[in-house]
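Structural description and commentary
Read off the chains here:
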Amino acid sequence: EIHIKEPIEKEVNPRLLPGELLLCEASTVYKYMQEDGSNRGTYGKLVCTNFKISFLDDDSASDDNEPQFKNKIVGENDITLQCVDQIYGVYDEKKKLLTGQLRKYPEKLIIYCKDLRVFNFCLRYTKEEEVKRIVSGIVHHSQTPKLLKRLFLFSYASAAPNNTDGRNQTMMFETLEDWRDELERTKGNVRYKAVTTNEGYRVSEKLPLYFVVPICISEESILKYEGRGIPIWCWSCHNGAALLKMSTFPKEQDDSTSQMQKAFLDGIYKTISKPPYELLKLDDLSSSLPSLQDIQTAYTRFKQLFLIDNSTDFWATDVKWFSLLESTNWLEIIRRVLKKAIEVAECLEIQHTNVLLIEESATDLCCVISSLVQVMMDSYSRTKSGFQSLIQKEWVIGGHGFLDRCNHLHKSEKEEAPVFLLLLNCVWQLVQQYPPAFEFTETYLTVLSDSLYVPIFSTFFFNSQHQRDTNKSGESLKTQSGPFRFLTVWDWTVQFDPKAQAFLNNPLYAEKPKPDKSQRKTARFKHQRQLSLPLTQAKPSTKRGFFREETDHLIKNILGKRIGKFINSADEPPNSLREFYDSWHSKPVDYHGLLLPRIDGPEIKVWAQRYLRWIPEAQLHGGGTIATAAKILDLMEEVQSLQVKMDEEHSQAVCGDVHSVPTLRNSARLSSLFPFALLQRQSIKPALPTSTWKDLEDEDDLVKRDDEFVDLSGDML
Amino acid sequence: LTPASSFSKPKVLTATSTLKFIPEELAVFCRDFRLLRFYFPENGLAPQAFRVANAIAQAREAAAWLGDAAEGHDGCSCPGEAPPEEEEEEEDEEEGLPAMLLFESLWDWEKELQRLGAEGWRVSAVNERFDMAPSLPKYLWVPSGLLDHDLKRTFAHFQERRVPRLCWHHPGGGHLLRAASFHPASEPGSEDVRWVPGDLGVEAEGGLERGRPPHHFAPSEPSDRDLNCLLASLVQLLGDPHARSLPGFQSLVQREWVAAGHPFPHRLGLLRRDTPREEAPVFLLFLDCTWQLLWQFPADFGFTEAFLLALHDSSFSPYFSTFRFSCQRQRGHSSVSQLPSQTYRPVGGWQHPGGLRRDPHTCTFPPVWAWGRRYTRQQQEQFQNPVGPPAPAEPLAPGTVSPSLWGGAGLVLTLAKGSLCPHPLPWWSRPSLRPPHRGSPSESQGMQGGLLGTCNPPPGLLLPCTAGPCIRLWHRCYLRGLPLEQ
């Protein structure tokens, strides 16, 4: 078949989702493949809808080479409005940030995305009228404040019949039942109870409908300060020690009020540090961890390292890569967070104390630390459904303000902070240090981080359960029939077909040996607890016993109560933490037991898959972790086919246990960017920095070049 | 290396330093990044502590001196000799492992030349008695058209008499050569050196695969004994799948470093006498570069990080001939003159599985490749990469890419001061001695056109990423000493 390039513009129509409306479009827009001065690219149409910005090139209709890993909702050339980070216009070679009203229209548009893609569009050949419409349309819809109800979420939910049952393994924690199951699973039900006090949100709109508190806490005290000053249960350790969180009182000017609050708190502490409760340790996260502002600043600097305009920029900054990376402080923040989580784990595991995390709203760093501690200590949280349940429990229902923290509505930049991304970055460190301990892969985490910006799922688009519930009913839209039915991000079939979903599962996951069938109970969500933690058997040395006694004594003397406090790192017994860390690392890893991250400087790494996936200069042809993974997947496939053969031999019914394994066999040498950035690769050329290659030039036609870089792709073997 | 501390005040110990206090603790910082701490309890051991500390410091110094003055002397006490017979058998059992080459015999050089399929080159034995160039190996790969008689006259023109010679032949037709820089006293126009340009033919790593007429690439540094070793072997690691197999890698090190005369004792700082300026971890730099490649392309190597670590640590071990000498001559010489009693002893335990004919005059220290000496079978199994290429890489089939396709006397590029320079050689003006090439320009054009747009490098070639995010710290090597990293 002969392909003839049609000069006449083909009518390419954007693929619209239910409820998606085309707002404006511009034709003959030129999209650069990669802004490297070569000006290669494709012509096409740039459209903006109420869901996404999309570039439709002339070939987009024919999908000859379907990538193996494809998102069904957000295509390669789609940018959801929430995914736009910043938009720059280029005027006479000068870059200018585009925010609100525009007086002049740029000749080039650079869109930086929150998933770290960079798009370069040239508008020089577009009609002026269209340029005006598309640029102001894109800027307006992606960069200006928005009403919650204008989120695409609502148009989609009302237009798309949501037939998905939603009954997957993930616990949503929307019902009392779920909380009770979780209490039972962690054996926390002796001392803690799920309460219905907040039904109708009469305690607080910030708290979930149901939550868990110590049994001795009365309804009155919960109601007294809208739930502030009340320890809320997160998780119970196998030895009974629990992880709790509490939101504090705002700073009071009035002396008598603050006196009353102090008395209230003292009362609470007294109640919950009496037996049967364990010793209580308080940890004020606002003083022991970086502030949200610090985190935001660090991440803003960090992501800049990866939002690369072009090759020239890349190689220019590459010279200073290591010092630039260091100066962002992002990895250091990850390290501090991990260290804090280890501290908490030590208190729970070794010292058998309850830990109470304190933060003003208890919905930011509290979520990070409590989630991390659970990932480290509870092997259930390292399965896919367990991790998803954890995110539901601590973040979605727990009341993390996704809407504000992601600044989805462009309301206030002051509220923006990548708290959830920080958690994913920390979990990634664990995943790459102990791959067999996790049922999911780093690709899963990357895809999850991308889903933060896809407004068809309700998961990351509300600040609290209350906000979601009130907006769900659709009361303001009387014409709508019934409440909205939102999708949850955990239904991965919405974004990925089964073949692509296979990339989210870790083929090397060291699955827990299933208990004997005779012993297995049939109860729903009966999660087996893992009790074999490496340290529980370890006999404490005399030295550590001495330390413990001493510190306990000290605490009792100072506070006169059974309450300990993390004060400053200087005051806490540094040896016990170090000893805990050292002793754990000196033993072989039990992938189903306690997992402690290594936090020495060189062990904290850049999450290469997420941050480097669109940067061709950083790719390895046939290299990277995927090179090993491909081999393993081949092996898995072989094992499975043998298994099938064996089953046939024994004429046994093949149970549905066989996971689908992604087939990579046919692809010869994969790039390290796999499974992302597939199509871009074809035009990629490795460029080598000038410094090394300058002298290559010769009177012979060594390289014909018009830029500073040597193009090796054209005539590469 | 051996500081002692007294009441938290550490002092570095050397042989000549006098201890003015009784050490409380002895801390030994090892080259393999271990830190050993010995604590001397006070109950009566104090005088011994003093003596032990001093003895260690002096022994270390003495060992180094000995090693230099009479490399081989302490071979008598070398614990590696006279190994039990079973060990030998074990080695022999490893049939799956194709033989590596030591490049001590003519046969090795012939065999490797054959594997490379480098037509137009031959093995010359002109340096068999090391009288042409003391630091060069016995055998050299030189152009077939060049007679030994003519070759002999070129030696004088190069520093340390290290003439240009072939390192590697790319199946695409390019050649990798190495040589020392021109001797300042020689006359560039002299007839003696005229052979060089015409037959030189090599390309650099990137250039190798570009489908242009082959560029002849000759790394050049004044001495040809340090960075040339590094560069020549790295280029081969990138371009030759065989070099990435375990035996291939060992052969590579043997040829480009050991036989080529890298002054290991000086560079590794095994000799005390040397000024510290002679010390430079060139070989360790090579191991680190190899690790970067291994880390970037885990599925392309037949060996593992464990192997590199073993090699790293073995480079400081006194038991192996591999790193004890500066060149082949010294290696052979020391055993002949200093250890006459051992000269005709049957070569100890280590016999290469391939049944290599080993010169009876070579040193009786085992080479480092006798892994059975220091590593158990289980440990050695960990040297094999499970996800590496399924079988030891096939030798590059000569003619897969016809050398004649691009033929032609391409450029001669020389690496100078970190950059590739065209025709820096003073004798470049001379026309090519090669026969007219068969490949027509249109043919090569067509080839280039066909390759345009493909982005994957050809099979076998690795293109490492040199961008900042892709260069990592080899933490399993450097951080081994930290208690937490174990």
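The shown structure was predicted, so the numbers you read here are calculated from the model rather than taken from an experiment.

Definitions and cut-offs
- Residues numbered from 1 in each chain as written.
- Chains lettered and ligands numbered in written order.
- Predicted model: local features only at pLDDT ≥ 70, side-chain atom pairs only at ≥ 80, totals over all residues.
- Heavy atoms only, no water.
- Helix = DSSP H or I, 4+ residues; strand = E, 2+ residues; numbered from the N terminus.
- Areas by Shrake-Rupley, 256 points an atom, 1.4 Å probe, with all protein chains shown as cover.
- Buried < 20%, exposed > 50% of the residue type's maximum accessible area, 1.4 Å probe, protein only.
- Contact = heavy atoms within 4.5 Å.
- Patch = residues over 30% accessible without salt bridge, like charges linked within 9 Å, V, L, I, M, F, W, Y side chains within 5 Å.
- Salt bridge = Lys/Arg side-chain N within 4 Å of Asp/Glu carboxyl O.
- Lys, Arg positive; Asp, Glu negative; His and termini not counted.
- Charge placed at Lys NZ, Arg CZ, Asp CG, Glu CD.
- Axes fitted to C-alpha atoms, helices over the stretch in contact; angles between N-to-C directions.
- Parallel < 35°, antiparallel > 145°, perpendicular 65-115°, else oblique.
- Left-handed = near helix turned anticlockwise from the far one by under 90°.
- Domains from an automatic or database assignment.
- Buried area = accessible area lost by both parts, 1.4 Å probe.
- Polar contact = N/O pair within 3.5 Å; in protein donor to acceptor, adjacent residues only side chain to side chain.
- Phe/Tyr/Trp six-rings, centres within 6.5 Å; stacked < 30°, edge-to-face > 60°.
- Lys NZ or Arg CZ within 6 Å of the ring centre and 35° of its normal.
- Expected span 1.5 Å × (residues − 1).
- Arc of directions from axis to C-beta.
- Pairing = 2+ DSSP bridges.
- 1 Å grid on protein atoms, 1.4 Å probe; cavity = no way out; pocket = protein on both sides within 12 Å on 5 of 7 lines; lining within 4 Å.
- Points joined across faces, edges and corners; volume = space filled by probe spheres on them.
- Nonpolar A, V, L, I, M, F, W, Y, C, P; charged D, E, K, R; others polar.

Some thoughts on the overall build of chain A
Looking only at helices and strands, chain A has 22 helices and 17 strands in total. Accessible area for chain A stands at about 32,700 Å²; split by element, carbon and sulfur atoms hold 52% of it.

Here we look at the side chain of Ser576 of chain A
Secondary-structure assignment places Ser576 of chain A in helix H19 (residues 574–585). By relative accessible area, Ser576 of chain A is classed as buried at 10%.

Observations regarding the environment of Leu448 of chain A
All names here are of chain A. Within the fold, Leu448 resides in helix H15 (residues 442–451). Overall, Leu448 belongs to the buried group, its relative accessible area being 0%. For the pair formed by Leu448 and Leu325, sequence separation is 123 residues and the distance between their alpha carbons is 24 Å. Setting aside residues no more than four positions away along its own chain, Leu448 makes contact with Phe387, Phe420, Leu424, Phe460, Trp490 and Trp492.

Let's talk about a positive patch on the surface
On the surface, Lys94, Lys96, Arg103 and Lys104 of chain A cluster together into a patch of positive charge. Here Lys104 of chain A is to be found in the loop between strand E6 (94–97) and strand E7 (108–113).

Things to note about the packing of helix H7 (residues 227–239) of chain B against helix H8 (residues 246–259) of chain B
All names here are of chain B. With their axes 9 Å apart at the nearest point, H7 and H8 run at an angle of 150° to one another. Accordingly, the angle class assigned to the pair H7 and H8 is roughly antiparallel. In this structure, H7 crosses over H8, and the sense of that crossing is right-handed. Residue-level inspection shows Cys229, Leu230, Ala232, Ser233, Gln236 and Leu237 of H7 in contact with H8, the latter providing Phe249, Leu252, Arg255, Glu256 and Trp257.

Quick look at the pattern of salt bridges
Evaluated as defined, the whole model comprises 34 salt bridges over all chains. With a shortest N-O distance of 3.3 Å, Arg335 of chain A and Glu332 of chain A are connected by a salt bridge. Of the two residues, Arg335 of chain A and Glu332 of chain A both sit in helix H10 (residues 330–349), 3 residues apart, roughly one turn of that helix. For Glu332 of chain A, a relative accessible area of 32% puts it in the partly exposed group. Here Asp224 of chain B and Arg178 of chain B are joined by a salt bridge, their closest N and O atoms 3.1 Å apart. In this pair, Asp224 of chain B sits in the loop between strand E9 (216–221) and H7 while Arg178 of chain B sits in strand E8 (residues 175–180), placing the two residues 46 residues apart along the sequence. In this structure Asp224 of chain B comes out as buried when scored by relative accessible area, which is 0%. Judged by its relative accessible area of 1%, Arg178 of chain B falls in the buried class. Several salt bridges share partner residues, and in doing so they unite Glu112, Arg115, Arg162, Arg165, Arg178, Asp224, Asp240, Arg255 and Glu256 of chain B into one network.

Points about the domain arrangement of chain B
Note on interface size: it is often stated as the accessible area lost on association of the parts. Residue and element names in this part refer to chain B. In terms of domain boundaries, chain B breaks down into domain 1 (2–69), domain 2 (105–201 + 219–224) and domain 3 (241–335 + 366–388 + 471–479). Every contact between the two is made by 14 residues of domain 2 and, on the other side, 9 residues of domain 3. Across the domain 2 to domain 3 interface the summed buried area is about 980 Å²; carbon plus sulfur atoms make up 51%. Connecting domain 2 to domain 3 are 2 salt bridges. Arg178 is the salt-bridge partner of Glu256, the closest N and O atoms lying 2.8 Å from each other. If you look at where domain 2 meets domain 3, you find 5 residue pairs in polar contact (both at pLDDT 80 or more). Elements supplying a minimum of two residues to the side of domain 2 that touches domain 3: helix H3 (106–116) and strand E7 (165–169).

Section: the packing of aromatic side chains
In total, this model carries 68 aromatic pairs over all chains according to the counting rule given. On the numbers, 5.7 Å between centres and 5° between planes, the contact of Phe249 of chain B with Phe286 of chain B is stacked. Of this pair, Phe249 of chain B sits in helix H8 while Phe286 of chain B sits in helix H10 (residues 282–296), and the two are 37 residues apart along the sequence. Each member of the pair, Phe249 of chain B as well as Phe286 of chain B, carries the same accessibility label: buried. Aromatic pair Phe249 of chain B and Phe307 of chain B: ring centres 5.8 Å apart, planes at 75°, arrangement edge-to-face. Pair noted here: Phe249 of chain B is in helix H8 and Phe307 of chain B is in helix H11 (residues 305–314), with a separation of 58 residues, a long-range link. Cation over ring: Lys95 of chain A sits above Tyr88 of chain A, and NZ or CZ is 5.0 Å from the ring centre.

Focus: helix H7 (residues 292–304) of chain A
Residues and elements named next belong to chain A. Taking 1.5 Å per residue, 13 residues should reach 18 Å; H7 reaches 18 Å between its end C-alpha atoms and fits that length. All buried positions along H7 are accounted for by Ile295, Gln296, Ala298, Tyr299, Phe302 and Lys303. Buried residues of H7, seen end-on, are gathered within an arc of 165° and therefore sit on one face of the element. Buried residues belonging to H7 abut strand E5 (84–91), helix H9 (321–328), H10, helix H11 (365–377), helix H14 (419–433) and helix H20 (608–612).

What about the sheet that holds strand E3 (residues 52–57) of chain A?
Residue and element names in this part refer to chain A. The strand order across the open sheet formed by 8 strands is E4-E3-E2-E1-E8-E7-E5-E6, and the pairing between neighbours is antiparallel. Whereas interior strands pair on both sides, the edge strands pair on one side only; in this sheet they are strand E4 (78–80) and E6. The mean angle between the axes of side-by-side strands here comes to 30°, regardless of whether they run parallel or antiparallel. In terms of strand pairing, strand E2 (residues 41–49) meets E3 through 5 bridges, oriented antiparallel. The residue of E3 that forms the bridge with Gly44 is Asp57. Across the sheet, helix H1 (residues 128–143) is in contact with strand E1 (22–32), E2, E3, E5 and E7; its angle to E1 comes to roughly 110°.

Comments concerning the domain arrangement of chain A
Residues and elements named next belong to chain A. Entries for chain A in the domain assignment read domain 1 (22–144) and domain 2 (176–312 + 322–475 + 482–503). The C-alpha-based centres of domain 1 and domain 2 are spaced at 35 Å. Listed by partner, the interface residues are 28 residues for domain 1 and 28 residues for domain 2. Across the interface of domain 1 and domain 2, roughly 2,400 Å² is buried in total on both sides, 57% from carbon and sulfur atoms. Broken down residue by residue, the surface that domain 1 buries against domain 2 is led by Phe69, Gln82 and Lys114, which jointly contribute 26%.

Digging into the environment of Val344 of chain A
Residue position: Val344 of chain A is located in helix H10. Placed 123 residues apart in sequence, Val344 of chain A and Gln467 of chain A show a C-alpha to C-alpha distance of 31 Å.

Some points on empty space enclosed by the protein
Residue and element names in this part refer to chain A. Enumeration over the complete set of coordinates arrives at 16 cavities of 30 Å³ or more. Listed by contribution, the elements that provide at least two residues to the lining of the second largest cavity are H7, helix H13 (402–405) and H14. Looking at the lining of the second largest cavity, its residues break down into 10 nonpolar, 2 polar and 5 charged.

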